[in-house]
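# Tertiary structure, described
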Amino acid sequence: MPDATRRADRLPGNRYGNRPTMKDVAARAGVGLKTVSRVVNGEPGVTPETERRVQEAIDALGFRRNDSARVLRKGRTASIGLVLEDLADPFYGPLSRAVEEVARAHGALLINGSSAEDPDREQELVLALCARRVDGLVVIPAGDDHRYLEPELKAGVATVFVDRPAGQIDADVVVSDNFGGARDGVAHLIAHGHRRIGFIGDMPRIHTAAERLRGYRAAMEDAGIPVKDSWMSLGVTDPVRVRRAAEEMLADPHPVTAIFTGNNRVTVTVIRVLADHARGVALVGFDDIELADLLQPGVTVVAQDAAALGRTAAERLFRQLDGTLIAPDRIELPTRLVTRGSGELPPAD
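Since the model is a prediction, treat every value here as computed from it, not as a measurement.

### Observations regarding the overall build of the protein
If you tally the helices and strands in the protein, you get 13 helices and 12 strands. A compact globule built from 349 residues would reach a C-alpha radius of gyration of about 20 Å, whereas the protein, at 27 Å, exceeds it by more than 25%. Taken along its principal axes, the extent of the C-alpha atoms in the protein is 90 × 50 × 35 Å. By the burial criterion, 46% of the 349 residues in the protein qualify as buried. Here the protein displays about 17,700 Å² of accessible surface, and carbon together with sulfur accounts for 50% of that area.

Right, here's the structure in full:
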C-alpha cells in the first residue's frame, strides 16, 4: 500500500497534524461515542464483536487516550516532579532512576529538571511543575527558604525533600548521615597516623557541605588535633578552585599529609593534583566515583546509597498521596567506609 494511502487511512479527512479523537474512532468503527468511551476505559456493557471493531479502529488510527478530562474530574495527573541539583552529576543517576522505578510501580510518570544549584531557578522549576498539576514533588533543594511552597502544600501537593532539608518549612526529608560519614572518614586517616589533614568541600551554605565540614572538625577534635585555617577550603567545585586549594595545602612549609574531599567532583580534581605530586598523600573522598577501584592506589571513599535515598523519598511521597502519612519526618540513611588503598597510605613524614 502506498505511503499516501496509509496516511489517509490513519488520518481521515483533512486532519493533517492533529491527533485522532474518540469521534474519529467511533466513525470508523460505526458505533456511538459512548461505546468507544466504554472500550477505552475498560467499562462493561460492550459485546465482544463491538469491542473488537472499536479496538481495530483504535489501532488503525493510532488513537491515544487524552487524560486531560480525567485529570479535571479526579484532580490527579498520575505524574510527579523531580528537581535535581545537576543532571550531569553521576551521583544523581541512581537516585533519579530509583524515583522513576517507584513512580512507575504506582502508574505515575516522572518529570525531572535541574536547578543548577540556583535557588531562583529551583523555585521557578518547582512552581512550573505545580502549574502543570503534578501530584507530588521530590526536591533536592538549592535554596534555604522554601516558604514559596506553602500555598502548594496547602493545596495538597505532596512533597519530599531529599539529600538536604527544606528551609523554613516543615516537610519530609531523606538524607544521608553526612556528619557521621565525614567523621568516620577523617578518623580513618587519623588511625593511619595522619595529623595534618586537609578538607576541601563545596559551598558552606549547602547543608551537605556544612555537615561534612562539621564531621571533619569533630574527628580532629576527638583526636586532640588543632585545625589550621589553611587546612580547610570551601567553595564552588570548579576544578580551577579545587586545584588551587589542593596545591596550596601541599605547598605549605608543613604540608598536609592527607586530604578529605567533600564530594565526588572535588575528589576527581584532587586525584589529578595528587597524580602530579611527588610524595604520597593519603586521600579519602565523600561519595564513590566511577573506576575508583581501578586506580593505583584505589580510592578510599565514604559511600552513600544514592538509590536508597531516591527510593525512600519516592516511597514516602506515595504514602503521602495515599493518605497514610500525616506528620513530616526526617529519615537519615547510613553511609559506609569503602577502603581501597588511598586512605591507608601512611604519612610521608
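What follows continues from the structure just given.
### Regarding the environment of Gln168
Here Gln168 lies in the loop between β4 (158–162) and β5 (172–176). For Gln168, a relative accessible area of 51% puts it in the exposed group. Separated by 20 residues in the primary sequence, Gln168 and Tyr148 place their C-alpha atoms 9.9 Å from one another. Not counting residues up to four positions away in its chain, the partners in contact with Gln168 are Asp144, Asp145, Arg147 and Glu150. Here Arg147 takes part through its side chain, which lies 3.4 Å from a polar atom of the side chain of Gln168.

### Remarks on helix α6 (residues 92–105)
Because each turn of an α-helix spans 3.6 residues, side chains separated by three or four positions end up pointing in the same direction. Compared with an ideal rise of 1.5 Å per residue, which puts 14 residues at 20 Å, α6 spans 20 Å between its outermost C-alpha atoms and is within 8% of the ideal. Of the positions making up α6, those classed as buried are Tyr92, Leu95, Ser96, Ala98, Val99, Val102 and Ala103. Here the buried residues of α6 occupy an arc of 160° about the axis, which is enough to place them on one side. Among the exposed residues of α6, those pointing more than 90 degrees away from its buried face are Arg97, Arg104 and Ala105. Looking at the packing, one finds that the buried side of α6 touches β1 (79–84), β2 (109–114), β3 (136–139), β4 and α13 (306–322).

### Some details on the nonpolar core
The tendency in soluble globular proteins is for nonpolar side chains to be buried side by side. Counting 39 residues, the largest nonpolar core has Val186, Ile197, Ile200, Tyr216, Met220, Phe260 and Val270 as its most contacted members. For this core, the secondary structure elements donating two or more residues are α9 (178–191), β6 (197–201), α10 (207–222), α11 (239–251), β8 (258–261), α12 (264–275), β9 (282–286) and β10 (300–303). Sorting elements by how many residues they give to this core places α11 first, with five residues. Val270 has contacts with Ile200, Val242, Ala246, Ile259, Thr261 and Leu283, leaving out every residue within four places of it along the chain. Counting residues in hydrophobic clusters, the runner-up holds 26 residues, among them Ile80, Tyr92, Ala108 and Ala314.

### With respect to the side chain of Thr300
Tracing the chain through its elements places Thr300 in strand β10. For Thr300, a relative accessible area of 0% translates into the label buried. With residues up to four places along the chain from it excluded, the contact list for Thr300 reads His188, Leu283, Val284, Gly285, Leu337, Val338, Thr339, Arg340, Gly341, Ser342, Gly343 and Glu344.

### What to know about the domain arrangement of the protein
For the protein, the assigned domains read domain 1 (22–64), domain 2 (76–176 + 306–333) and domain 3 (178–304). The gap between the C-alpha centroids of domain 1 and domain 2 is 38 Å.

What counts and how
Residues numbered from 1 in each chain as written. Predicted model: local features only at pLDDT ≥ 70, side-chain atom pairs only at ≥ 80, totals over all residues. Heavy atoms only, no water. Helix = DSSP H or I, 4+ residues; strand = E, 2+ residues; numbered from the N terminus. Rg over C-alpha atoms; globule rule 2.2 N^0.38 Å. Buried < 20%, exposed > 50% of the residue type's maximum accessible area, 1.4 Å probe, protein only. Areas by Shrake-Rupley, 256 points an atom, 1.4 Å probe, with all protein chains shown as cover. Contact = heavy atoms within 4.5 Å. Polar contact = N/O pair within 3.5 Å; in protein donor to acceptor, adjacent residues only side chain to side chain. Expected span 1.5 Å × (residues − 1). Arc of directions from axis to C-beta. Core = buried A, V, L, I, M, F, W, Y, C linked by side-chain atoms within 4.5 Å. Domains from an automatic or database assignment.

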